[in-house]
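# Structural overview for review
Below are the chains, spelled out letter by letter.
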Amino acid sequence: MPEAISALSATELRVAYRSGTLSVREVAAACLKQTERLDPRIKAFLHIDPAAVLSRAVKLDERRAELIDSPLYGIPVALKDNISTAGTPTTCGSHILEGYIPIYDAGVVEGLERNGALPFGKTNLDEFAMGSSTENSAYGPTRNPWDTTRVPGGSSGGSAAAVSARMVPIALGSDTGGSIRQPAALTGVIGLKCTYGLISRYGLVAYASSLDQIGPIARSVEDIALTLEAIAFNDPRDSTSLSDPRGGRYLNALDRPVTGLRAGLPAEFFGEGIDPKMRTSVLEAVKTLEKLGIKVEECSLPSLRHSLPAYYILAPAEASSNLARFDGIRYGPSADVPDIIEQYSATRGSGFGAETQRRILLGTFVLSSGYYDAYYLKAMKVRRLIRNELQKAFEKYDFLISPTTPDTAFRFGEKTADPLQMYLSDICTIGANLAGIPALSIPCGLIEGLPAGMQLWGPHFGERTLLGVAKSYLDASGCNGLRPQILKDGQL
Ligand code: GLN
């Protein structure tokens, strides 16, 4: 049955490929079928070319002997549509890039292909990854497979929804302030933002370059580890790319014992602004961690409360500069006006949506002379304080625990009227981006039928600890592979 095959994890698919019970073509066909069946309702994908997916699958079947040992051999992987794919449209969820077809692949796409993966369509996002609900996509929002009247989170909402709805086992997202972890939490799947620099940004359309990271979304921790083995490599084309000093293996970290690890519970993420039900849900999960022998202790990170204002100065500042390239001359459609200045303004005025324009204006303002010191420089100082405070916390703790989001998936339109309400969705996730540290969101149960996410924060290059803890927790808690009820009911 196609849906059953498309619901298999990459780890399960690898077993099936090894034993010869499935071919890549069969798996591709099953994922396409599930997508065809559900995506008219979910709208996770902006672009998918079934014929191309199938022909690549056939080629992978032909290369079986050569690639079978690769971490992602024959695994369909969906890509957020701000990741450059040669010959395939890349819109960033924006009208300004309508019709743009890149001539090169992102570093991660090369990494996937080198490791035998099957690129499977481009997923919806908030325009230029600015948002927390996919409602800022110029091509309409994605729906949450748990409740189609609710948002899937954002900005990588299409990637998270595609994984949650069992259309693909793995998707890549990008995370500048929470855009992998928040949608993963709201759709009941796993999302990892790595240490800044661990995954190449070459070919990721830049939003805020000092914060942006590509990362995996999947339904099992093993699949997250497998993806890292394929896409975490040093890429000289990204000047901030690093090599993991502990080597490139992640899968073997999952069996590490977690007993005796020390974890901090920052009080700032369990008080004001966090739904009490979310707090209870994460604290329940903490009890499970304690049963596994992890020593959990309350701690305090006072400067973290400044992370939201700092982010909303720094990210727009970088965006205002990064998005200057979209002028209607080099990319996308341009307005037909004789005067060049008028042409820029008409193209950018109609090509960018309201939130993108707001951030370009805000960013230009905080960088302008006379305001630079008061806003940008001050926010940079706050960023340093946050980073220092977190570094200090990791002298004492192996990892930190918080909710991923303040509440569960909200309804469409609930937070669109007031940008600040939307920005508050990221209150638990932004700190990790400002500090450049890894953070992993894992499901920790349901609140009134909707998924809740727990976030594990680690020190630089602490991915392995986070993955190991996540694996032990998910095995012990029964939160592994939470399945949207409406998939079971056949309503979707
Ligand atoms: N939601 C945050 C924003 O709107 C984070 C986005 C992201 O991580 N790309 O900027």
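Our structure's up above, just so we're on the same page.
In this text the structure is predicted, and so the values were computed from the model without any measurement.

So, about the site of the ligand. Around the ligand, the structure places 15 residues, and the nearest of them are Thr176, Gly177, Ser179, Tyr311 and Arg359. Take Gly178: an N or O atom from its main chain is 3.2 Å from an oxygen atom of the ligand. Burial of the ligand by the protein chains amounts to 100% of its free accessible area of 290 Å². When atom positions are compared with the pocket grids, the ligand is found to occupy the largest cavity.

With 5 of its 5 residues buried, strand S9 (residues 399-403) lies for the most part within the structure. Note that strand S7 (residues 262-266) and S9 share 2 bridges and pair parallel. Bridging across to S9, Ala263 finds its partner in Phe399. One ladder, built from 4 bridges, connects S9 with strand S11 (residues 450-457); its direction is antiparallel. The residue bridging Pro403 from the neighbouring strand is Met454, located in S11.

What follows deals with the packing of aromatic side chains. Applying the stated criterion across every chain, the model contains 12 aromatic pairs. Ring centres of Phe128 and Phe352 lie 5.9 Å apart, and the angle between their planes is 70°; this geometry places the pair in the edge-to-face category. Highlighted residues: Phe128 in the loop between strand S3 (118-123) and helix H7 (157-164) and Phe352 in the loop between helix H12 (340-351) and helix H13 (354-367), separated in sequence by 224 residues. When its relative accessible area of 2% is taken as the criterion, Phe128 is described as buried. Through successive ring pairs, a cluster of aromatic residues spans Phe128, Phe326 and Phe352. Above the plane of the ring of Phe233 lies Arg114, whose end atom (NZ or CZ) is 4.7 Å from the centre. Over the face of the ring belonging to Phe410 we find Lys415, whose NZ or CZ atom lies 4.4 Å from the ring centre.

Our focus in this paragraph is the sheet that holds strand S5 (residues 190-193). Across the sheet, 11 strands lie side by side as S1-S3-S2-S4-S6-S5-S10-S11-S9-S7-S8; this open sheet has mixed pairing. Lying at the two open borders of the sheet, with one neighbouring strand each, are strand S1 (45-47) and strand S8 (295-299). Shown here is a sheet whose adjacent strand axes are inclined to one another by a mean of 35°, direction ignored. Bridge count for strand S2 (residues 76-80) against S3 is 4 bridges, and the pairing is parallel. Opposite Leu79, over in S3, you have Lys122 as the bridge partner.

Estimates place the volume of the largest pocket at around 380 Å³. Lining the largest pocket we find 17 residues, and of these Glu268, Glu272, Gly273, Leu424 and Ile427 sit closest to its centre. Grouping the amino acids of the lining of the largest pocket by side-chain chemistry returns 7 nonpolar, 4 polar and 6 charged. Of the pockets and cavities examined, the second largest pocket occupies roughly 290 Å³. In terms of lining residues, the second largest pocket is bounded by 18 residues, among which Tyr104, Leu204, Val205, Ala206 and Arg325 are the most central. Looking at the lining of the second largest pocket, its residues break down into 9 nonpolar, 5 polar and 4 charged.

You can see Thr134 is positioned in the loop between S3 and H7. Residue Thr134 is classed as buried on the basis of its relative accessible area of 0%. At a separation of 3.0 Å, a polar atom in the side chain of Thr134 contacts the main-chain amide nitrogen of Thr142. Once residues lying within four places of it in the same chain are set aside, the contact partners of Thr134 are Asn124, Leu125, Asp126, Gly140, Pro141, Thr142, Pro152, Gly153, Gly154, Ser155, Gly157 and Gly158.

Between helix H2 (residues 10-19) and helix H9 (residues 221-231), whose axes approach to 8 Å, the crossing angle comes to 75°. Comparing the axis directions of H2 and H9 gives the class roughly perpendicular. For the pair H2 and H9, contact is made by Ala10, Thr11 and Arg14 and by Glu222, Asp223 and Leu226, respectively. Partitioned by chemical class, the residues of the contact of H2 with H9 number 2 nonpolar, 1 polar and 3 charged.

To continue, consider helix H14 (residues 373-396). Quick reminder: α-helices carry 3.6 residues per turn. Residues three or four places apart thus point the same way. Over its 24 residues, H14 runs 34 Å from end to end, which matches the ideal 34 Å to within 8%, given 1.5 Å per residue. Restricting attention to buried positions, one finds in H14 the residues Tyr376, Ala379, Val382, Arg383, Ile386, Leu390, Ala393 and Phe394. Those residues of H14 that are buried are in contact with helix H11 (307-322), H13, S9, helix H16 (430-435) and S11.

So, how was this worked out
- Residues numbered from 1 in each chain as written.
- Predicted model: local features only at pLDDT ≥ 70, side-chain atom pairs only at ≥ 80, totals over all residues.
- Heavy atoms only, no water.
- Near = heavy atom within 4 Å.
- Polar contact = N/O pair within 3.5 Å; in protein donor to acceptor, adjacent residues only side chain to side chain.
- Areas by Shrake-Rupley, 256 points an atom, 1.4 Å probe, with all protein chains shown as cover.
- 1 Å grid on protein atoms, 1.4 Å probe; cavity = no way out; pocket = protein on both sides within 12 Å on 5 of 7 lines; lining within 4 Å.
- Sits in = over half its atoms within 2 Å of the grid points.
- Buried < 20%, exposed > 50% of the residue type's maximum accessible area, 1.4 Å probe, protein only.
- Helix = DSSP H or I, 4+ residues; strand = E, 2+ residues; numbered from the N terminus.
- Pairing = 2+ DSSP bridges.
- Phe/Tyr/Trp six-rings, centres within 6.5 Å; stacked < 30°, edge-to-face > 60°.
- Lys NZ or Arg CZ within 6 Å of the ring centre and 35° of its normal.
- Axes fitted to C-alpha atoms, helices over the stretch in contact; angles between N-to-C directions.
- Points joined across faces, edges and corners; volume = space filled by probe spheres on them.
- Nonpolar A, V, L, I, M, F, W, Y, C, P; charged D, E, K, R; others polar.
- Contact = heavy atoms within 4.5 Å.
- Parallel < 35°, antiparallel > 145°, perpendicular 65-115°, else oblique.
- Expected span 1.5 Å × (residues − 1).

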